[in-house]
Amino acid sequence: MNAALLKESFSLIEPEKDEFAASFYQRLFEKYPATRAFFANTDMEKQARTLAATLAVVVAGVEKGEDLIPTLQKLGARHKTYGVVADHYPIVGEVLIETFQTTLGPKWTPAYQDAWVQAYTVIAQVMVS
Ligand code: HEM
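Note that the coordinates shown come from a computational prediction; the quantities given were computed from them, not determined experimentally. (Residues numbered from 1 in each chain as written. Predicted model: local features only at pLDDT ≥ 70, side-chain atom pairs only at ≥ 80, totals over all residues. Heavy atoms only, no water.)

Colleague: Describe the overall build of the protein chain, naming the residues involved and giving the relevant values.
Modeller: Per the secondary structure count, the protein chain includes 6 helices and 0 strands. Of the regular secondary structure in the protein chain, the N- to C-terminal order runs α-α-α-α-α-α. A globule of 129 residues ought to have a C-alpha radius of gyration of about 14 Å, and the protein chain, at 14 Å, matches this closely. Over its C-alpha atoms, taken along the principal directions, the protein chain stretches across nearly 35 × 30 × 25 Å. Within the protein chain, the proportion of its 129 residues that are buried is 36%. Of all intrachain contacts in the protein chain linking residues separated by at least 6 positions in sequence, the fraction that spans at least 24 positions is 77%. For the protein chain, the exposed area adds up to about 7600 Å²; of that, 58% sits on carbon and sulfur atoms. (Helix = DSSP H or I, 4+ residues; strand = E, 2+ residues; numbered from the N terminus. Rg over C-alpha atoms; globule rule 2.2 N^0.38 Å. Buried < 20%, exposed > 50% of the residue type's maximum accessible area, 1.4 Å probe, protein only. Contact = heavy atoms within 4.5 Å. Areas by Shrake-Rupley, 256 points an atom, 1.4 Å probe, with all protein chains shown as cover.)

Right under this line is the structure:
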C-alpha cells in the first residue's frame, strides 16, 4: 500500500468528509438499491462518518506500519453477521473510487486511483478471509 498517496488524497477529502460520506451512500443506493436493505436500521449520518473515520484510521495505521490484519479480520467477521458477502466488496470499492473522483474532480489523479484501488483490494481481501 502506498501510504503517502493515501494520506495525501485523504487530506484533500478531509475538509469535506461529511459531504463525501453522504454522497458515497447516495451513489451506492442509486446504483445498487439492494444494498439499502443492509442499512435499514442504521443512523446514516453516523454510519457515513464511520466510513470516513475507518478509512482515516486504516491510512494512519498503514503509515505507522501497524499490523491491521487482526483488526480487519474482526471487522470482516462482523460484516458477515450484517449479511455482507464477498460479492458486495467490489461494489462498495467501485462506488468509493467514484465518490473520490466526483468529490475531488481534477485534484483526483491516476496515482491516487491506483493507490486506493490497491489498498481497498487488500483491505477487502483481508476482511473476507
Ligand atoms: C473495506 C471495506 C469496508 C470497511 C472498511 C467497512 C467499515 C465499517 C465499519 C467500521 C463499520 C462499523 C461497525 C463495525 O465496526 O462492525 C461498518 C458497519 C457496516 N458496514 Fe461496512 N465496511 C466495509 C465494507 C462494507 C460492505 C461491502 C458492506 C455491504 C454493502 C458494508 C455494510 C455495512 C453495514 C450494513 C454495517 C452496519 C451498519 C449498522 O451499524 O447498522 N460494509 N463498516
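Colleague: Give me the site of the ligand: which residues, what numbers.
Modeller: The environment of the ligand is formed by 17 residues, the closest being Thr42, Thr54, Arg78, His79 and Tyr82. Interatomic distance of 2.6 Å between a side-chain N/O atom of Arg78 and an oxygen atom of the ligand. Tyr82 places a side-chain nitrogen or oxygen 2.5 Å from an oxygen atom of the ligand. Elements represented by at least two residues in the shell around the ligand include exactly α3 (44-63), α4 (69-81), α5 (88-104) and α6 (110-128). For the shell around the ligand, the residue count by class is 10 nonpolar, 6 polar and 1 charged. (Near = heavy atom within 4 Å. Polar contact = N/O pair within 3.5 Å; in protein donor to acceptor, adjacent residues only side chain to side chain. Nonpolar A, V, L, I, M, F, W, Y, C, P; charged D, E, K, R; others polar.)

Colleague: Tell me about helix α1 (residues 3-13), and please be specific about residues and values.
Modeller: Here α1 has its buried residues at Ala3, Leu6, Ser9, Phe10 and Ile13. All buried residues of α1 fall inside an arc of 140° around its axis, so they share one side. (Arc of directions from axis to C-beta.)

Colleague: Got a sec to walk through the pattern of salt bridges? Specific residues and values, please.
Modeller: Under the counting rule described, the total for this entry stands at 5 salt bridges. As a salt-bridge pair, Glu14 and Lys17 come within 3.3 Å of each other at their nearest N and O atoms. Under the relative-accessibility criterion, Glu14 is labelled partly exposed at 36%. Where Glu66 meets Lys64, a salt bridge forms, and the shortest distance between an N and an O atom there is 3.5 Å. The class of Glu66 is partly exposed, set by a relative accessible area of 42%. Overall, the relative accessible area of 63% leaves Lys64 in the exposed class. Among the ionic contacts, a cluster of salt bridges with common partners joins Arg27, Lys31, Glu94 and Glu98. (Salt bridge = Lys/Arg side-chain N within 4 Å of Asp/Glu carboxyl O.)

Colleague: Would you mind going over the packing of aromatic side chains in detail, with residue names and values included?
Modeller: A complete count under the given rule lists 9 aromatic pairs for this structure. Residues Phe24 and Tyr25 carry aromatic rings whose centres are separated by 4.8 Å and whose planes lie at 85° to one another, so their mutual orientation is edge-to-face. We classify Phe24 as buried; its relative accessible area is 2%. Judged by relative accessible area, which is 5%, Tyr25 ranks as buried. (Phe/Tyr/Trp six-rings, centres within 6.5 Å; stacked < 30°, edge-to-face > 60°.)

Colleague: Outline the side chain of Glu98, listing residues and values.
Modeller: For Glu98, the position within the fold is in helix α5. A distance of 2.8 Å separates the side chain of Glu98 from the side chain of Lys31, its partner in a polar contact. If we ignore the near neighbours within four places in the chain, the residues touching Glu98 are Arg27 and Lys31.

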